[in-house]
Amino acid sequence: MKRLLILAPNWLGDAILALPAIADVRRELRGTEIVAVARPAIAPLFALVADVDRTMTMDAAAPLRKAAKQLAAEHGDAVLLLRNSMRAALWTAAARIRERWGFAAYFRSPLLTRAVMAPSGLHQAEYYQRLVHALGFPNRSMAPRITVPAALREAAAGALREAGWNGDSPLVALAPGAAYGGAKRWPSKRFAGLARALAGDGVQPVLIGTAADRAAAADVERGFAGEGRSLLSLVGRTDVPALAGVLAICRALITNDSGAMHLAAAAGTRVTAVFGPTDERATRPLGDGHQIVTAPAWCRPCMLRECPLDHRCMRGVEATAVIAAWRRSL
């Protein structure tokens, strides 16, 4: 096999959790060029992944004819679908890629040359590894890893200094946003209280996130105001590689269940994560030293985007519990 195309998952967290499966494939296909096919927001991740030789971008909603033409132009001998959509299977079949491998989901088995029954009840990283194992690729570590070069760390340190960091205080990143919906977000007032406590201990808190997280970050900043200490913010000012650089020089990340959580863990940064509506058994950060904080609630994990009740699964998590978990992680 000269070239293998891999259709990466559409979300940052899922794409990172697929990296161990990609590493399993890489070990067995040493002489094969591996090309990650990812949507534009996710594609920069693979510049930090040693197991991928090249990346091509493709919009997740690309029309069938356009997508098939792009894929066919790569002249891949096989394609591994880490997306379970019917659209992805149609793309690869229309591109006439000889070998098409993926899970037998959404009635797309006739479009695949090797369709594997999807397992259930697993961590998402193990879910992807089960697919490649069924295709004949032995599994090893389930923990994702990325490589953050020195240039990215230096650029991150420069951006933090521009934002007000003195270059000496230990940094802890705070990620108050979450892409899936408001139910995943720990209340902004709690994040503000956490930031005040960290600053009081001589730690420099720094807010991170995408442009979509600006409202949540602004709420945290308002709750922090007037404390006579600094709260830095890089929200909306980093792409995936730049964010990886920031996280790599932070002592820790305190976060909701988010893509940033998995990015930090893959970069080797300790994570303390607050879980509410989502299931930590399926999407907890992988690696050593990470901490999960939850509150007892009969309704969790509900997997809903917005809470129809009183959000007790997140409101029940006190800042003191998160700080204690953060200290344990260190």
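Refer to the structure printed above.
Residues numbered from 1 in each chain as written. Predicted model: local features only at pLDDT ≥ 70, side-chain atom pairs only at ≥ 80, totals over all residues. Heavy atoms only, no water.

A. Region of the structure containing the overall build of the chain. Along its length, the chain carries 13 helices and 12 strands. Against the globule reference of 20 Å for 330 residues, the chain gives a C-alpha radius of gyration of 21 Å, in line with a compact fold. Summarising its shape, the C-alpha atoms of the chain cover approximately 65 × 45 × 35 Å along the three principal directions. Nonlocal contacts in the chain, meaning residues at least 24 apart in sequence, comprise 63% of its contacts between residues at least 6 apart. Of the accessible surface of the chain, which amounts to about 14,400 Å², a share of 51% is contributed by carbon and sulfur atoms. (Helix = DSSP H or I, 4+ residues; strand = E, 2+ residues; numbered from the N terminus. Rg over C-alpha atoms; globule rule 2.2 N^0.38 Å. Contact = heavy atoms within 4.5 Å. Areas by Shrake-Rupley, 256 points an atom, 1.4 Å probe, with all protein chains shown as cover.)

B. Quick peek at helix 5 (residues 124-134). Buried within helix 5 we find Gln124, Ala125, Tyr127, Tyr128, Gln129, Leu131 and Val132. Those residues of helix 5 hidden inside the fold are in contact with helix 1 (12-17), helix 2 (19-28), strand 4 (78-81), strand 5 (99-103), strand 6 (114-116) and helix 11 (280-283). (Buried < 20%, exposed > 50% of the residue type's maximum accessible area, 1.4 Å probe, protein only.)

C. Seen up close, the packing of aromatic side chains. A complete count under the given rule lists four aromatic pairs for this structure. Ring centres of tyrosine 127 and tyrosine 128 lie 5.7 Å apart, and the angle between their planes is 70 degrees; on these two criteria the pair is classed as edge-to-face. Classification of tyrosine 128 by relative accessible area gives buried; the value is 5%. Every member of this aromatic cluster is reached through a ring pair, and the members are Phe103, Tyr127 and Tyr128. Across the ring face of tryptophan 11, the terminal group of arginine 39 is positioned such that the distance to the ring centre comes to 5.5 Å. (Phe/Tyr/Trp six-rings, centres within 6.5 Å; stacked < 30°, edge-to-face > 60°. Lys NZ or Arg CZ within 6 Å of the ring centre and 35° of its normal.)

D. Main features of the pairing of strand 8 (residues 204-207). Of the two faces of strand 8, both are covered, the one formed by Gln204 and Val206 as well as the one formed by Pro205 and Leu207. Of the crossover connections in this fold, the one passing from strand 7 (residues 171-175) over helix 7 (residues 188-200) to the parallel strand 8 is right-handed. In this sheet, strand 9 (residues 232-233) lies alongside strand 8 in parallel orientation, the contact comprising two bridges. Bridged to leucine 207 within strand 9 is serine 233. (Right-handed = clockwise from strand over helix to strand, strands pointing away. Pairing = 2+ DSSP bridges.)

E. Summary view of the packing of helix 7 against helix 8 (residues 214-224). Direction vectors running N to C along helix 7 and helix 8 enclose 55 degrees, while the axes themselves pass 8 Å from each other. As the angle between them shows, helix 7 and helix 8 are arranged oblique. Along this stretch, helix 7 crosses helix 8, giving a crossing that reads as right-handed. Together, Ser188, Phe191, Ala192, Ala195, Arg196 and Ala199 of helix 7 and Ala216, Asp219, Val220, Gly223 and Phe224 of helix 8 make up the contact between the two elements. Looking at the contact of helix 7 with helix 8, its residues break down into seven nonpolar, two polar and two charged. (Axes fitted to C-alpha atoms, helices over the stretch in contact; angles between N-to-C directions. Parallel < 35°, antiparallel > 145°, perpendicular 65-115°, else oblique. Left-handed = near helix turned anticlockwise from the far one by under 90°. Nonpolar A, V, L, I, M, F, W, Y, C, P; charged D, E, K, R; others polar.)

F. Examining the sheet that holds strand 7 more closely. Strands sit in the order 9-8-7-10-11-12 across an open sheet of six strands; the sheet is parallel. Pairing within the sheet leaves two strands with one partner each, and these edge strands are strand 9 and strand 12 (291-293). As paired elements, strand 7 and strand 8 share four bridges and run parallel to each other. Looking at the pairing, valine 172 lines up with proline 205 of strand 8. Contacting strand 7, strand 8 and strand 10 (252-256), helix 7 crosses the sheet at an angle of about 180 degrees to strand 7.

G. Region of interest: the sheet that holds strand 2 (residues 33-38). Taken in spatial order, the six strands line up as 3-2-1-4-5-6 in an open sheet, and their pairing is parallel. Single-partner strands in this sheet number two, and they are strand 3 (54-57) and strand 6. In this sheet, neighbouring strand axes are inclined to one another by 20 degrees on average, regardless of whether the strands run parallel or antiparallel. With four bridges connecting them, strand 2 and strand 3 associate as parallel partners. Following the sheet pairing, valine 35 is matched in strand 3 by arginine 54.

H. Quick look at unusual backbone geometry. Look at the link from arginine 300 to proline 301: it is a cis peptide, with omega at -5 degrees. Here histidine 75, not a glycine, exhibits a phi torsion of approximately 55 degrees, which is positive. Within the secondary structure layout, histidine 75 lies in the loop between helix 3 (64-73) and strand 4. Given a relative accessible area of 60%, histidine 75 falls into the exposed group. One non-glycine residue, methionine 303, lies in positive phi territory at about 65 degrees. Note on placement: methionine 303 falls in the loop between strand 12 and helix 12 (312-315).

I. Inspection of the nonpolar core at higher detail. Judged by nonpolar contacts, the single largest core of 70 residues is most densely connected at Leu4, Leu45, Phe46, Leu80, Ile146, Ile208 and Leu263. Considering each element in turn, this core owes the most residues, seven residues, to helix 10 (residues 259-267). Filtering out sequence-adjacent residues up to four positions away, leucine 263 remains in contact with Ile16, Leu45, Ile146, Val240, Leu243, Ala244 and Leu247. Ranked by size, the runner-up nonpolar core spans 30 residues in total, among them Phe191, Leu207, Val235 and Val274. (Core = buried A, V, L, I, M, F, W, Y, C linked by side-chain atoms within 4.5 Å.)

J. Examining the packing of helix 6 (residues 150-163) against helix 9 (residues 240-248) more closely. Contact pair helix 6 / helix 9: the axes reach a minimum separation of 8 Å and the direction vectors enclose 80 degrees. For the element pair helix 6 / helix 9, the angle class is roughly perpendicular. Across the interface between the two elements, Leu152, Arg153, Ala156 and Leu160 of helix 6 pack against Pro241, Ala242, Gly245, Val246 and Ala248 of helix 9. Residue composition of the contact of helix 6 with helix 9, grouped by class: seven nonpolar, one polar and one charged.

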